[in-house]
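Results of the structural survey
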Amino acid sequence: MSKPENRYQAIKWHRRGRVLTLEMCRPESFNAVDEILHEELSRVFRDADADPHSDVIIFTGNGQAFCAGGDVSWMQRAIDEPETFERTVTEAKQIVFSILDCEKPVICRINGHAMGLGCTMALFCDVTFMNETVKIGDPHVLMGMVAGDGAAVIWPALIGMAKAKEYLMTGDPLTAKEALDLGLINHVCAPDELDDTVNRFADRLANGPVKSIKWTKVSLNIHLKQVAHSVMDACLAYEALTNQSADHQEAVTAFREKRAPIYTGK
């Protein structure tokens, strides 16, 4: 039977003792999520949770970015072939719930900008460490899409409903300091200190009372899973509706043409 890491093209597995690092590897596109990476993200946390050789997971991106969000070419294909978005919706649920269901602590190393789905995945991790020079945010609305892939679950849980509404309805990005001050992330690090800081924390958990740590995480995530189960289907249904909106097509076209979009509310 092949090792689970051999079943991935766009996610690299690295091992250091009992610490497993999962690294999104599409650096040429700032780790933007295409159909291959999206499908792999929908199962990688389950495979990592079942991995007998690790107790702690670090989740990060390769290169300059953590994750730039959805790949624009993939977005256009979803517009042209809307039936393919059904698979995207199913995988989106699997991504969120597999992170929540993973019993091992998941530490997010936000090495570069984290936008859209990248932001959502980072925030669902258990403890976040962010490069002080980068930004985080969810610009779904600026792409003419509902922020339906989990943002409506995790942002209010972390920073309260009022601030969550402000940032999700505007799509405004946050600096690392702003995110820290709001309570959106846990720690901010200088770029040259990020790796050492993340590794020290991962080693602390890996060398600790592993069962009590992971089951404490499981207990805390009960609250988040209850909310996720109650709202994710509706959120993703609304996102699917906006996949076919004129504003979404305009946003995708404007992005490709490197100009500001002109929204019509349609």
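Before reading on, note that the structure itself is shown above.
Here we summarise the structure given alongside this text. (Residues numbered from 1 in each chain as written. Predicted model: local features only at pLDDT ≥ 70, side-chain atom pairs only at ≥ 80, totals over all residues. Heavy atoms only, no water.)

1. Examining the overall build of the protein
Quick note on the threshold: Numbering of helices and strands starts at the N terminus; helices are DSSP runs of H or I of at least 4 residues and strands are runs of E of at least 2. For the radius of gyration, the atom set is restricted to C-alpha positions; the globular benchmark scales as 2.2 Å times the number of residues to the power 0.38. Accessibility here uses a 1.4 Å probe with only protein chains present; expressed as a share of the type maximum, an area under 20% marks a residue as buried, one over 50% as exposed, and anything in between as partly exposed. In this description, accessible areas are obtained by the Shrake-Rupley approach with a 1.4 Å probe, and a residue is regarded as covered only by the protein chains that are shown. Asp and Glu count as negative and Lys and Arg as positive, but His and the ends of the chain are not part of the count. A charged residue contributes its charge at one atom only: NZ of Lys, CZ of Arg, CG of Asp or CD of Glu.
Secondary structure assignment for the protein yields ten helices and nine strands. Since a compact globule built from 266 residues should have a radius of gyration of about 18 Å, the 18 Å found for the protein is in line with a globular shape. Buried residues in the protein amount to 51% of all 266 residues. When the accessible surface of the protein is split by element, carbon and sulfur atoms take 56% of a total near 12500 Å². Each charge class in the protein can be summarised by its mean position, and for the 28 positive and 37 negative side chains these summaries are 4 Å apart.

2. Overview of the pattern of salt bridges
Stated precisely, the cut-off is as follows: We define a salt bridge as a side-chain nitrogen of Lys or Arg found within 4 Å of a carboxyl oxygen belonging to Asp or Glu.
Under the counting rule described, the total for this entry stands at 19 salt bridges. A salt bridge links Arg26 to Asp34, with the shortest nitrogen-to-oxygen separation between them at 3.4 Å. Like Arg26, the residue Asp34 is buried in the burial classification. Asp126 is paired through a salt bridge with Lys217; the nearest N and O atoms lie 2.8 Å apart. Residue Asp126 is located in the loop between helix H4 (117-124) and strand E6 (127-131), and its partner Lys217 is located in helix H9 (residues 210-243); the two are separated by 91 residues in the primary sequence.

3. Topic: unusual backbone geometry
The backbone of Phe30 sits at a positive phi, close to 60 degrees, despite the residue not being glycine. Position of Phe30 relative to the elements: it lies in the loop between strand E2 (19-24) and helix H1 (35-50).

4. Digging into the sheet that holds strand E8 (residues 174-175)
The test is simple: Here a strand pair is declared whenever DSSP counts at least two bridges between the two strands.
Spatially, the three strands line up as an open sheet ordered E5-E7-E8, and their pairing is mixed. The two strands at the open ends of the sheet, each matched to only one other strand, are strand E5 (114-115) and E8. Taken together, the two bridges between E5 and strand E7 (residues 135-137) define a ladder with parallel strand orientation. Within E7, the position partnered with Ala114 by the bridge is Ile136.

5. Looking at the nonpolar core
To be explicit about the condition: In these notes, a set of buried Ala, Val, Leu, Ile, Met, Phe, Trp, Tyr and Cys residues joined through side-chain atoms within 4.5 Å is what counts as a nonpolar core. We call two residues contacting when some pair of their heavy atoms lies within 4.5 Å.
Leu22, Leu41, Phe59, Ile136 and Trp155 are the most contacted members of the largest nonpolar core, which totals 57 residues. Sequence-distant contacts of Ile136, that is, excluding residues within four places in its chain, are made with Ile110, Ala114, Met115, Cys119, Leu123, Met130, Pro173, Leu174, Ala179, Leu184 and Ile185.

6. Examining the sheet that holds strand E4 (residues 106-110)
Quick reminder of the rule: Comment: axis = line fitted to C-alpha atoms, over the contacting stretch for helices; angle = value between 0 and 180 degrees taken between N-to-C directions.
If you trace the six strands from one edge of the open sheet to the other, you get E1-E2-E3-E4-E6-E9, paired in mixed fashion. Two strands bound the open sheet, and with one partner strand each, they are strand E1 (11-16) and strand E9 (187-189). If you compare each strand with its neighbour and ignore which way they point, the axes differ by 20 degrees on average. Pairing between strand E3 (residues 56-61) and E4: four bridges, direction parallel. Considered in E4, the bridge of Thr60 is made with Arg109. Lying over the sheet, H1 contacts E1, E2, E3 and E4, oriented at roughly 25 degrees with respect to E1. The sheet strands contacting helix H8 (residues 194-206) are E1, E2, E3, E4, E6 and E9, and the helix crosses E4 at an angle near 180 degrees.

7. Re the environment of Lys177
Selection rule: Residues adjacent in sequence count toward polar contacts only when both atoms are side-chain atoms; beyond that, a polar contact is any pair of N or O atoms within 3.5 Å, and within protein one must be able to donate a hydrogen and the other to accept it.
Examined against the element boundaries, Lys177 turns out to sit in helix H7 (residues 176-182). Spatially, the C-alpha atoms of Lys177 and Thr133 are 9.1 Å apart, while their sequence positions differ by 44 residues. In terms of polar contacts, Lys177 uses its side chain to reach the side chain of Asp181, at 2.8 Å.

8. Remarks on a negative patch on the surface
The following threshold applies: Patch rule: a residue counts if its relative accessible area is over 30% and it has no salt bridge; like charges are joined within 9 Å, and nonpolar side chains (Val, Leu, Ile, Met, Phe, Trp, Tyr) within 5 Å.
Together, Asp80, Glu81, Glu83 and Glu86 line one region of the surface with negative charge. By relative accessible area, Glu86 is classed as exposed at 61%.

9. Remarks on the packing of helix H3 (residues 85-101) against H4
Geometrically, a packed helix pair is captured by the angle between its two axes and the distance between the axes. So the rule is basically this: The labels follow the angle: roughly parallel below 35 degrees, roughly antiparallel above 145, roughly perpendicular from 65 to 115, and oblique for the rest. Crossing chirality is assigned from the near helix's rotation relative to the far helix, an anticlockwise turn below a right angle marking it left-handed and a clockwise turn marking it right-handed. Charged means Asp, Glu, Lys or Arg here, nonpolar means Ala, Val, Leu, Ile, Met, Phe, Trp, Tyr, Cys or Pro, and polar covers whatever is left, Gly included.
Where H3 meets H4, the axes come as close as 10 Å, and the angle between the chain directions of the two elements is 20 degrees. Taken together, H3 and H4 sit at an angle that is classed as roughly parallel. Considering the relative orientation of H3 and H4, their crossing is right-handed. Between H3 and H4, the residues in contact are Ile95, Val96, Ile99 and Leu100 and Leu117, Met121 and Phe124, respectively. Considering only residue class, the contact of H3 with H4 consists of seven nonpolar, no polar and no charged.

10. Things to note about the packing of aromatic side chains
Put simply, the rule is: Note on aromatic contacts: the rings of Phe and Tyr and the six-membered ring of Trp form a pair at centre separations within 6.5 Å, being stacked when their planes are under 30 degrees apart, edge-to-face when over 60 apart, and tilted otherwise. Charge-over-ring contacts are defined here by two conditions on Lys NZ or Arg CZ: a distance within 6 Å of the ring centre and an angle within 35 degrees of the ring normal.
For the structure shown, the criterion picks out five aromatic pairs. Seen from their ring centres, Phe45 and Phe59 are 5.1 Å apart, and the 75 degrees between their planes marks the pair as edge-to-face. Of the two residues, Phe45 is situated in helix H1 and Phe59 in strand E3; the sequence distance between them amounts to 14 residues. The residues Phe45 and Phe59 share a single accessibility class, namely buried. Each residue in the set Phe45, Phe59 and Phe66 is aromatic and connected to the rest through ring pairs, giving one cluster. The ring of Tyr8 has Arg43 sitting right over it, with the charged end atom 4.4 Å from the ring centre.

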